[in-house]
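Residues per chain are reported as follows:
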Protein chains: 2
Amino acid sequence: MVIVSLKDTDKIVPQMDGVKGVYKQTPLSKENGAPNFCFRVFTIEPGGHTPLHKHPFEHMNYVIQGQGLMVSDTQETLVNKGDFAYVEPNEMHQFKNPSQEQDFVFICAVPIEFE
Amino acid sequence: MVIVSLKDTDKIVPQMDGVKGVYKQTPLSKENGAPNFCFRVFTIEPGGHTPLHKHPFEHMNYVIQGQGLMVSDTQETLVNKGDFAYVEPNEMHQFKNPSQEQDFVFICAVPIEFE
């Protein structure tokens, strides 16, 4: 049994085109022994965003703090603290923080091979 | 892309020995198309608990609300809102809510075959 606080988890700035004002933490990872999937947490600062992209694995999301836009190739949907979201494998998606004040923080769980 | 609110998710009372004051919701499940793992949410009412048991799959937890005790066969650890936890496959574990006032609410993600 392992208990992990986000404040003790390293912050990594993703080096990808289309990323602005984002850092990633992985509180439940291979390093903790997780065999099948992992819990990553993304913080998007005000005005920031992840890339509009797709990949062959799903996202399982939970909004920890703030609110943000989940963008597909056809729509933008506002999500709020407490919402859950599912992004299908190979679905185009982007996360944006339209706020001028608060961070948008969310769990983004993926299969362990895509940690 | 599917957005789900917990307030729109059915509440199921687990029918197991050793369960007291618990209900389960599954906001991200097979029904949403999740292929590999699912997000279940357990609410433990004040004084309630899950069974002290083990099973061959892991738990990946995030505490949404309140605080609780995570019990193994050797220790009890207090977890608070915002904490993450990992329970290994085949590790003895129990979740308890020692509060007299507030619910203990947490995500409990598992491989999809154990939804």
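Residues numbered from 1 in each chain as written. Chains lettered and ligands numbered in written order. Predicted model: local features only at pLDDT ≥ 70, side-chain atom pairs only at ≥ 80, totals over all residues.

**Q** Please set out the overall build of chain A residue by residue, giving values where relevant.
**A** Across its full length, chain A holds zero helices and nine strands. The helix and strand sequence of chain A, counted from the amino end, reads β-β-β-β-β-β-β-β-β. In chain A, which comprises 115 residues, the share counted as buried stands at 35%. Contacts spanning at least 24 positions in sequence make up 64% of the contacts within chain A whose residues lie at least 6 apart. (Helix = DSSP H or I, 4+ residues; strand = E, 2+ residues; numbered from the N terminus. Buried ≥ 20, exposed ≤ 12 C-beta atoms within 10 Å, placed from the backbone. Contact = placed C-beta atoms within 7 Å.)

**Q** Give me the interface of chain A and chain B: which residues, what numbers.
**A** Taken together, the contact between chain A and chain B spans 35 residues of the former and 35 residues of the latter. Taken together, the elements giving at least two residues each to the side of chain A that touches chain B come down to strand E1 (2-4), strand E2 (20-28), strand E3 (37-49), strand E4 (59-65), strand E6 (76-80), strand E7 (84-87) and strand E9 (104-111) of chain A. Top contributing element to the side of chain A that touches chain B by residue count: E7 of chain A, with four residues. In the side of chain A that touches chain B, the residues fall into 23 nonpolar, eight polar and four charged. (Nonpolar A, V, L, I, M, F, W, Y, C, P; charged D, E, K, R; others polar.)

**Q** Please set out the relation of the copies chain A and chain B residue by residue, giving values where relevant.
**A** Of the transformation placing chain A onto chain B, the axial shift is 0.0 Å and the rotation is 180 degrees, giving an RMSD of 0.0 Å. What we have between these two chains is a two-fold relation. A high fraction, 100%, of the interface residues of chain A reappear at the interface in chain B, so the copies pair face to face through one surface. (Least-squares fit on C-alpha atoms with pLDDT ≥ 70 in both.)

**Q** Go over the pairing of E7 of chain A with me, naming the residues and quoting the values.
**A** All names here are of chain A. Burial of E7 is two-sided: the residues Phe84 and Tyr86 facing one way and the residues Ala85 and Val87 facing the other way are all buried. Direction of pairing for E4 relative to E7: antiparallel, over a ladder of four bridges. The residue bridging Tyr62 from the neighbouring strand is Phe84, located in E7. (Pairing = 2+ DSSP bridges.)

**Q** Summarise the environment of Pro89 of chain B; cite the residues concerned and give the values.
**A** By the element assignment, Pro89 of chain B lies in the loop between strand E7 (84-87) and strand E8 (94-96). For Pro89 of chain B, a count of 14 C-beta atoms within 10 Å corresponds to the partly exposed category. Considered as a pair, Pro89 of chain B and Lys54 of chain B are 35 residues apart in the sequence and their alpha carbons are 7.7 Å apart. Excluding anything up to four places from it in sequence, Pro89 of chain B contacts Pro35 of chain A together with Pro56, Phe57 and Glu58 of chain B.

**Q** For the environment of Ile3 of chain B, give the residues involved together with the corresponding values.
**A** Mapping Ile3 of chain B onto the fold places it in strand E1 (residues 2-4). The exposure class of Ile3 of chain B is partly exposed, given the 16 C-beta atoms found within 10 Å. Between the C-alpha atom of Ile3 of chain B and that of Pro27 of chain B, which follows or precedes it by 24 residues, the distance is 9.2 Å. Each residue touching Ile3 of chain B, except ones within four places of it in the same chain, is listed here: Thr77, Val79, Asp83 and Ala85 of chain A.

**Q** Would you mind going over the confidence of the model for chain A in detail, with residue names and values included?
**A** In low-pLDDT segments, the atomic positions of the prediction should not be examined closely. For chain A, per-residue confidence averages 96 on the pLDDT scale, and 100% of positions sit at 70 or higher. Reported confidences for the modelled complex are a pTM of 0.97 and an ipTM of 0.96. (pLDDT = per-residue confidence, 0-100.)

**Q** Can you tell me about unusual backbone geometry, naming the residues and giving the values?
**A** For residues other than glycine, phi is negative in most cases, and the peptide bonds are mostly trans. Even without glycine at this site, Asn90 of chain A takes up a positive phi of about 65 degrees. Take Asn90 of chain A: it is sitting in the loop between E7 and strand E8 (94-96).

**Q** Explain the environment of Val22 of chain A residue by residue, including any values.
**A** Residue and element names in this part refer to chain A. Within the secondary structure, Val22 is located in strand E2. In this structure the C-alpha to C-alpha distance between Val22 and Lys7, which are 15 residues apart in sequence, comes to 16 Å. Among residues more than four places away in sequence, those in contact with Val22 are Pro14, Phe42, Ile44, Gly48 and Thr50.

**Q** Give me the lowdown on the pairing of E9 of chain A, citing residues and values where you can.
**A** Residue and element names in this part refer to chain A. Alignment of E3 against E9, held across eight bridges, turns out to be antiparallel. Residue pairing across strands places Phe39 opposite Ala109, the latter belonging to E9. Where E4 and E9 come together, five bridges link them in antiparallel fashion. Counted as the bridge partner of Met60 is Ala109 from E9.

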